[in-house]
Amino acid sequence: MIKQVGNKVFCESIVNAHSHGFQYAMAGLAEYSSNQSDSFWTWRDSMYRLVSEMNLDKFAEINRKFLTKCLESGYGHVVEFHYLHHVTNDPLDTVKCLYDLASDVGIGMTVVPVFYHSGGFEQKIKETQKRFYFESPTKFLNHVEACSHLIPKSGNHRLGYGVHSLRACPIKWVKEITSAFHHLPFHIHLSEQVAEVRECVKHYGKPPTQLFLEEQGDHPNMHLVHATNVSDEELHMIVDQNAHVVICPTTEANLGDGYFPLRKFLRLGGKFSIGSDSHVTVNPWEEMRWLDYQDRLQHQDRLGLFDAKPEDYRPELLYKAVLDGGKAAAGVAGSYLEDYFLGPMDSHSDLREHLAKKIYVS
Ligand SMILES: [Zn+2]
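Residues numbered from 1 in each chain as written. Predicted model: local features only at pLDDT ≥ 70, side-chain atom pairs only at ≥ 80, totals over all residues.

Asker: I would appreciate a short explanation of the sheet that holds strand β1 (residues 2–5) in the present structure.
Answerer: Paired through their backbone hydrogen bonds, the strands of a sheet run either parallel or antiparallel. Spatial strand order, β1-β2-β12: three strands in an open sheet with antiparallel pairing. Pairing within the sheet leaves two strands with one partner each, and these edge strands are β1 and β12 (339–344). Going from strand to strand, the sheet's axes swing by 35 degrees on average, the running direction of each strand aside. Its contacts with the sheet place helix α13 (residues 352–360) against β1, β2 (8–12) and β12, and it is angled at close to 95 degrees to β12. (Pairing = 2+ DSSP bridges. Helix = DSSP H or I, 4+ residues; strand = E, 2+ residues; numbered from the N terminus. Axes fitted to C-alpha atoms, helices over the stretch in contact; angles between N-to-C directions. Contact = placed C-beta atoms within 7 Å.)

Written out as structure tokens, the structure reads:
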């Protein structure tokens with residue numbers, strides 16, 4: 001996992017388990033106040049403006065920059081949660097573009113096309129969301145099937161699929177979609193915002209994570225993105241169904257979502273990965289630092305995230321959990337990702353200290 005080659009130290013690179021590559025174009029540019037109550041929802045309006053101006057050349061240019069940055073910073077594979085389907089007349093064009101770019105840049109790619117149908121809970125699609133739209137589950141599932149023929153033969157590329165959120169998919173269609181492809185990792189945004197949880201309870205009488213897990217059937221490889229605002233009961237349900245959580249610490253902080261109760265989740269045996277999501281930060285080490293620091297601040301102690309033996313080295317536990325969780329999210333469990341150069345060999349007697357320095361020192 002961490003190795004010395006000559007006078008250099010390497011580790012296995014990490015999966016970026018949740019990305020919307022095109023959003024890299026607006027990373028860091030949404031810090032102007034537009035009104036008295038800036039929030040996730042006003043940020044989303046800015047993102048919709050970016051979407052309305054997108055063409056395939058711009059899409060490729062942004063994603064190339066983003067994937068190059070990922071590779072430099074320590075990600076060896078990206079899970080692209082893809083809902084910007086209609087940049088051209090053919091939704092396969094952006095999928096092909098993503099695989100081509102990843103092959104060119106030299107990074108692994110799991111494209112996750114996601115179903116997007118409604119403009120909110122049981123609401124019609126809005127004009128600003130039409131580039132995401134699929135008319136029916138059947139049309140979407142046929143599209144996923146067509147995407148499977150685009151996976152490049154060489155390189156470490158995969159396909160997943162999913163649903164954007166329960167805001168974007170009527171609950172009556174969830175099971176039809178989750179049942180379709182059990183061999184692909186399934187991803188969905190859930191319970192990111194308190195307002196979203198309240199709306200869901202208003203419409204369906206239950207919060208999104210609980211509702212989804214009750215409805216989804218028995219998909220064997222589920223990845224719930226964010227799950228920030230969940231109850232203890234929902235945490236238990238996630239673990240019982242062997243679903244994983246994809247945490248995006250810097251995006252969740254930037255958007256004021258809240259933080260996922262990771263310590264509690266780990267005590268239950270929960271599994272997780274990390275993603276850069278809106279890409280305010282493209283740096284897996286910083287995401288890991290944030291995860292741990294959120295936990296320390298919340299509990300006012302140190303090194304308590306994992307329930308481990310004194311001799312277990314905490315930075316290694318964190319790295320290993322993120323590495324394994326990411327591979328499951330990308331559908332590449334069992335494969336070895338590219339080496340990442342941690343730094344020159346120095347006076348550290350324990351190689352693992354290079355890992356700790358990478359996570360905690362910047
Ligand atoms: Zn997202």
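Asker: Help me understand the packing of helix α11 (residues 284–299) against α13, please; the structure alone is not making it clear to me.
Answerer: In helix packing, the relevant descriptors are the interaxial angle and the interaxial distance, both defined with respect to the helix axes. One can describe the packing of α11 onto α13 by two numbers: an axis separation of 7 Å at closest approach and a directional angle of 80 degrees. Classified by the angle between their axes, α11 and α13 sit roughly perpendicular to one another. Of the residues in α13, those in contact with W285, M288 and R289 of α11 are K358, I359 and Y360. Grouping the constituent residues of the contact of α11 with α13 by class yields four nonpolar, no polar and two charged. (Parallel < 35°, antiparallel > 145°, perpendicular 65-115°, else oblique. Nonpolar A, V, L, I, M, F, W, Y, C, P; charged D, E, K, R; others polar.)

Asker: How do you make sense of the environment of Y75 when you look at a structure like this?
Answerer: You can see Y75 is positioned in strand β4 (residues 75–82). The spatial distance from the C-alpha of Y75 to the C-alpha of L337 is 9.1 Å, given a sequence separation of 262 residues.

Asker: Where do I start with the nonpolar core in this structure?
Answerer: A general tendency of soluble globular proteins is for nonpolar side chains to be buried together. By size, the foremost hydrophobic cluster in this structure holds 88 residues, and its most contacted members are L224, V245 and I247. The element best represented in this core is helix α12 (residues 314–330), accounting for seven residues. (Core = buried A, V, L, I, M, F, W, Y, C linked by C-beta atoms within 7 Å. Buried ≥ 20, exposed ≤ 12 C-beta atoms within 10 Å, placed from the backbone.)

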